[in-house]
Amino acid sequence: MTPGSAAAPTRQLSLGKALNAGLRQAMLDDPSVVLMGEDIGALGGVFRVTEGLLDEFGEQRVFNSPLAESAIVGTAIGLALRGYRPVCEIQFDGFVYPAFDQIVSQLAKMRARSGGRLTVPVTIRIPVGGGIGAVEHHSESNEAYFCHTAGLRVVACASPADAHTMIQEAVACDDPVIFYEPKRRYWDTADVVVGSPPADGLALDQARIARHGSDVTVIAWGPTVRTALDAATVAEQEGKSLEVIDLRSLSPLDLPTLTGSAARTGRAVVVQEAPTFTSLGSEIAASITEQCFDVLEAPVARVGGYNIPYPPARAEEQYLPDIDRVLDAVDRVLAH
Amino acid sequence: MSAHVVHDVLHGPAQVPVAGQAPQQYLRMDGTLNPACDLELAVTPQLARSLYREMVLARRLDQEAYHLQRQGELGLWLSCRGQEAAQVGSARALRESDWIFPAYREHAVALVRGVAPAELLAQWRGCCHGGWDPARHRMHIYSLVLGTQTLHATGYAMGVRADAAGEVVLTYVGDGATSQGDVSEALNWAAVTRSPVVFFCQNNQWAISTRVGTQTATPLHQRAAGFGLDTVYVDGNDVLAVHAATTMIAERVRAGGVPGFVEALTYRMAGHSTSDDPTRYRSSEETEYWERRDPLTRLRRFLDNNGWSDPAWLSELDGEAEQLAADVRAACLALPEPRLEDVFAATLVRESAALATERAAFTAYQDSFL
């Protein structure tokens with residue numbers, strides 16, 4: 001299919017299905033792409049994101065891994081050094097830690113350690129965040145660890161259309177990519193133009209202004225983008241105009257888009273599921289403050305998880321940022 | 001807790017769990033053939049002399065690097081003294097097209113693979129993290145986090161198998177590193193995927209100050225056998241036995257057999273690094289015991305016994321070793337200072353706008369002093 005061709009079919013897809021179609025397109029476009037992870041074969045993964053791909057591409061290109069996350073990433077590095085383009089699935093966010101050394105000390109640094117001689121184009125897909133009533137270790141937002149690591153690109157999709165194109169761009173990227181999938185949004189459904197990413201679309205490291213507004217800039221990523229958009233709809237009824245930015249790229253940050261918006265509105269709120277202490281939201285608040293200090297009307301506010309371990313499922317509604325907490329922060333920055 | 005010490009003719013003041021099995025040995029200490037050896041090896045004068053030459057050169061390189069560290073020219077050096085037979089014998093058992101994933105002490109392997117002294121020393125002088133082009137030498141850069149490279153080797157071998165390329169991947173791992181989870185995961189995955197990889201374990205009996213008996217209650221080759229690997233236990237100070245054992249395992253792997261594991265019993269003659277003080281944790285009696293089992297001495301006796309070591313050749317080899325030492329020193333002193341701009345450039349394949357901004361700020365700050 002020609003990128004961006006007018007004939008590209010539009011389909012109603014859930015975010016999970018849009019990822020599935022994106023992975024399929026990536027595999028059609030490049031025979032070096034292989035998928036690996038726990039239960040991704042016949043089962044299609046616990047969230048069914050790889051459903052049908054084993055049947056279509058065979059077990060040489062879609063294979064179940066033994067249950068060892070360090071080995072998933074470590075062998076993916078070896079496959080990448082051999083010329084393959086592995087896409088690893090980590091089953092849940094809280095299961096990535098056994099692979100931490102292979103990601104942070106090996107994958108992220110391999111290019112720099114080799115003086116730029118080695119390229120390791122590995123994509124690590126991680127279902128992220130809470131809101132599905134899960135047991136412990138299945139609801140975490142751990143992006144700060146990876147954003148803090150030079151050599152990695154960290155991205156989060158928030159909509160079916162972006163999920164479809166961003167996964168293809170991540171797989172095609174020559175740098176290693178941590179690809180976060182908002183697990184409570186897997187079933188969100190929207191129109192998706194199926195096929196290769198359009199040539200005139202946003203680059204993988206660019207943020208998107210998801211809704212234009214004039215009073216307050218609300219910055220969100222992954223699962224909190226919808227929360228922020230819903231909050232903007234409510235705020236509009238109250239006569240407040242929110243500009244919502246879907247960050248998309250968590251590292252590197254698209255600071256020009258963030259500071260451009262914050263300079264226009266003079267107020268910014270960052271919304272994330274992760275605890276706010278030493279978080280990506282903290283980095284964004286600091287950067288906006290440094291660059292927009294003269295035009296800001298209020299300190300940048302952060303809305304996020306509390307500095308406690310992720311709570312039991314029946315308490316997660318109190319922990320996760322919701323529309324009311326976003327609007328509360330909006331009111332605080334407007335009160336200045 | 002004191003270690004249970006059993007003096008054994010082969011193991012020395014022992015800390016190795018004894019399996020009731022002696023390692024395969026081709027040459028006895030006096031350089032004569034061991035009639036109990038099961039290994040097949042066609043020993044020609046050319047093979048024996050070339051192995052001896054590479055061990056002599058490796059030792060001279062190692063000695064010169066050690067001196068350079070003591071003179072402040074290297075930040076750190078990890079000596080491979082005593083392990084030359086294990087390294088040269090195994091590396092020479094491979095084809096040039098085979099891939100090597102080393103740990104960090106495989107200087108003799110690097111020499112066999114044609115890595116230049118400057119490329120090898122640059123990392124230890126603090127000029128870079130990996131000095132040679134892995135593709136050119138078919139040898140990956142060193143891995144300093146223990147055991148991580150065994151997974152890289154396994155993944156690489158999975159790719160070789162998918163490509164039906166006929167190559168063998170060999171990865172070096174020490175006795176201490178076998179305690180890492182990555183190594184067990186690699187052994188298991190390699191066996192499950194039946195990938196063409198050989199794990200070459202240099203059991204040098206010490207992980208800094210920790211004896212191998214503290215690492216494992218089971219002989220390491222037996223552990224590997226439990227994962228389903230094709231294993232051999234070999235006298236790592238006997239270069240001919242190492243060469244024969246590695247060749248045997250590597251060719252069985254190449255022919256489609258299960259992955260291999262070679263445990264080579266050797267000894268780390270120096271400290272773990274130039275910052276280490278081995279006198280704090282091991283006796284001079286133990287070190288002297290292994291000094292008498294030096295791998296170079298043993299092969300030299302074999303060469304002498306066979307009349308394969310004429311004075312002219314030995315003299316030429318001495319000269320070559322001294323020239324190498326001089327080259328090592330000159331190359332070390334001529335290494336260019338690293339530039340932070342190069343680290344910026346090597347961080348991402350495609351530099352991000354954010355990183356470009358930071359790099360520009362760094363450059364402007366530096367230039368402000370001009």
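Calculation criteria
- Residues numbered from 1 in each chain as written.
- Chains lettered and ligands numbered in written order.
- Predicted model: local features only at pLDDT ≥ 70, side-chain atom pairs only at ≥ 80, totals over all residues.
- Heavy atoms only, no water.
- Buried < 20%, exposed > 50% of the residue type's maximum accessible area, 1.4 Å probe, protein only.
- Helix = DSSP H or I, 4+ residues; strand = E, 2+ residues; numbered from the N terminus.
- Pairing = 2+ DSSP bridges.
- Contact = heavy atoms within 4.5 Å.
- Buried area = accessible area lost by both parts, 1.4 Å probe.
- Salt bridge = Lys/Arg side-chain N within 4 Å of Asp/Glu carboxyl O.
- Polar contact = N/O pair within 3.5 Å; in protein donor to acceptor, adjacent residues only side chain to side chain.
- Nonpolar A, V, L, I, M, F, W, Y, C, P; charged D, E, K, R; others polar.
- pLDDT = per-residue confidence, 0-100.
- Expected span 1.5 Å × (residues − 1).
- Axes fitted to C-alpha atoms, helices over the stretch in contact; angles between N-to-C directions.
- Parallel < 35°, antiparallel > 145°, perpendicular 65-115°, else oblique.
- Phe/Tyr/Trp six-rings, centres within 6.5 Å; stacked < 30°, edge-to-face > 60°.
- Disulfide = S-S within 2.5 Å.

Explain the pairing of strand β5 (residues 123–128) of chain A here, please?
The two faces of the sheet receive side chains in turn, since in a regular strand these alternate between them. Residue and element names in this part refer to chain A. Counting buried positions over the 6 residues of β5 gives 6, a clear majority of the element. Burial along β5 is two-sided: T123, R125 and P127 and I124, I126 and V128, pointing in opposite directions, are all buried. Direction of pairing for β5 relative to strand β7 (residues 177–182): parallel, over a ladder of 6 bridges. Residue pairing in the sheet places V128 in a bridge with P182 of β7.

Help me understand the interface of chain A and chain B in this model?
A common way to express how large an interface is: the accessible area buried when the components associate. Counting residues at the interface gives 39 residues for chain A, matched by 36 residues for chain B. Of the roughly 3100 Å² buried where chain A meets chain B, counting both sides, 60% is carbon and sulfur surface. If you sort the residues of chain A by the area they bury against chain B, R82(A), R113(A) and R117(A) come out on top, with a joint share of 23%. Our enumeration of links across chain A and chain B arrives at 3 salt bridges. Linking chain A with chain B are 16 residue pairs in polar contact (both at pLDDT 80 or more), by the criterion used here. For the side of chain A that touches chain B, the elements supplying multiple residues, two or more each, are α3 (69–81), α4 (100–107) and α5 (110–113) of chain A. No other element matches the 9 residues that α3(A) contributes to the side of chain A that touches chain B. Grouping the constituent residues of the side of chain A that touches chain B by class yields 16 nonpolar, 14 polar and 9 charged.

Where do I start with the confidence of the model for chain B in this structure?
Where the model shows low pLDDT, its predicted coordinates should not be examined in detail. Residues and elements named next belong to chain B. Of all residues in chain B, 95% have pLDDT values of 70 or greater, and the mean over the chain is 94. Under a pLDDT of 50 for its full length, residues 1–11 has, in the predicted model, 26 contacts with residues more than four places off or in other chains. Here the predicted complex carries an ipTM of 0.95, next to a pTM of 0.95.

In this structure, what is going on with helix α10 (residues 239–254) of chain B? I would like to understand it.
What sets the pattern is the α-helix's 3.6 residues per turn: residues three or four places apart point alike. Residue and element names in this part refer to chain B. Taking 1.5 Å per residue, 16 residues should reach 22 Å; α10 reaches 22 Å between its end C-alpha atoms and fits that length. Extensive coverage of α10 is indicated by the burial of 12 of its 16 residues. The complete set of buried residues in α10 reads V239, L240, A241, V242, H243, A244, A245, T246, I249, A250, V253 and R254. Immediately beyond the C-terminal end of α10, within one or two residues, lies G256, with a positive phi of roughly 105°.

What am I meant to see in the packing of α3(A) against α4(A) here?
Between two packed helices, both the angle of their axes relative to each other and the distance between the axes serve to describe the pair. All names here are of chain A. Interaxial distance between α3 and α4 falls to 7 Å at its minimum, and their mutual angle equals 30°. Regarding the angle of α3 to α4, the classification is roughly parallel. Between α3, through S70, V73, G74 and I77, and α4, the contact on the second element is made entirely by Q102, I103, Q106 and L107. By residue class, the composition of the contact of α3 with α4 is 4 nonpolar, 4 polar and no charged.

I would appreciate a short explanation of the sheet that holds strand β4 (residues 169–174) of chain B in the present structure.
Consider a sheet: its strands pair through backbone hydrogen bonds, and that pairing is either parallel or antiparallel. Residue and element names in this part refer to chain B. What the 5 strands build is an open sheet, ordered β3-β4-β5-β9-β8; its pairing is parallel. Every other strand in the sheet has two partners, leaving β3 (99–101) and β8 (230–235) as the edge strands with one partner each. Across this sheet, the average inter-strand angle for adjacent strands is 20°, counted without regard to direction. Summarising the sheet, β3 and β4 pair through 3 bridges and their orientation is parallel. Of the residues in β4, the one forming a bridge with W99 is V169. In the packing of helix α6 (residues 148–163) onto the sheet, the strands contacted are β3, β4 and β5 (197–203), and the crossing angle to β4 comes to about 165°.

Looking at this model, I keep getting lost on the side chain of S251(A). Mind explaining?
Tracing the sequence through the fold places S251(A) in strand β12 (residues 249–251). The residues contacting S251(A), other than those within four sequence positions of it, are C147(A), L152(A), R153(A) and V154(A).

I keep staring at the packing of aromatic side chains and nothing clicks. Help me out?
Aromatic ring pairs: the centre-centre distance and the angle between the two ring planes describe each pair. Residue and element names in this part refer to chain A. One pass over the full model with this rule turns up 24 aromatic pairs over all chains. The interplanar angle of 80° and the centroid separation of 5.8 Å between the aromatic rings of F100 and Y145 together place this pair among those described as edge-to-face. Linking F100 in helix α4 with Y145 in helix α6 (residues 143–147), this pair joins segments that are 45 residues apart in sequence. Its relative accessible area of 28% is what places F100 among the partly exposed residues.

Before we go on, may I ask you to explain the pattern of salt bridges in this structure?
Pairing is possible between side chains of opposite charge, provided their charged atoms come close. All chains considered together, the criterion is met by 44 salt bridges over all chains. Put simply, E89(A) and R125(A) hold a salt bridge, and the shortest N to O gap is 2.8 Å. Of this pair, E89(A) sits in strand β4 (residues 85–89) while R125(A) sits in strand β5; the two residues are 36 residues apart in sequence, bridging distant segments of the chain. Each member of the pair, E89(A) together with R125(A), is buried. The closest approach of N and O atoms between R95(B) and E251(B), which form a salt bridge, is 3.6 Å. Of the two residues, R95(B) sits in the loop between α2 (84–91) and β3 while E251(B) sits in helix α10, which places them 156 residues apart along the sequence. When salt bridges that share partners are traced, they join R82(A), R138(B), D163(B) and E167(B) into one network.

Even after reading the chapter, I still don't get unusual backbone geometry, so can you show me in this structure?
Generally, phi is negative for residues other than glycine and the peptide bonds are trans, each holding for most cases. For the bond running from S251(A) to P252(A), omega is 0°, close enough to zero to count as cis. For P252(A), the location among the structural elements is in the loop between β12 and α9 (255–265). Although it is not a glycine, R138(B) sits at a positive phi angle of roughly 50°. Structurally, R138(B) can be placed in the loop between α5 (134–137) and α6. With relative accessibility at 23%, the residue R138(B) sits in the partly exposed group. Of note, the phi angle at R194(B) is positive, near 50°, even though the residue is not glycine.

Help me out: how do you make sense of the state of the cysteines in this one?
A covalent bond between the sulfur atoms of two cysteines is what we call a disulfide. Residues and elements named next belong to chain B. Within this structure, the stated rule accounts for 0 disulfides over all chains. C128 forms no disulfide, and the closest cysteine sulfur to it belongs to C127, at a distance of 6.6 Å. You can call C128 partly exposed: its relative accessible area is 25%. The thiol of C332 is not disulfide-bonded; the next cysteine sulfur, from C127, is found 7.7 Å away.

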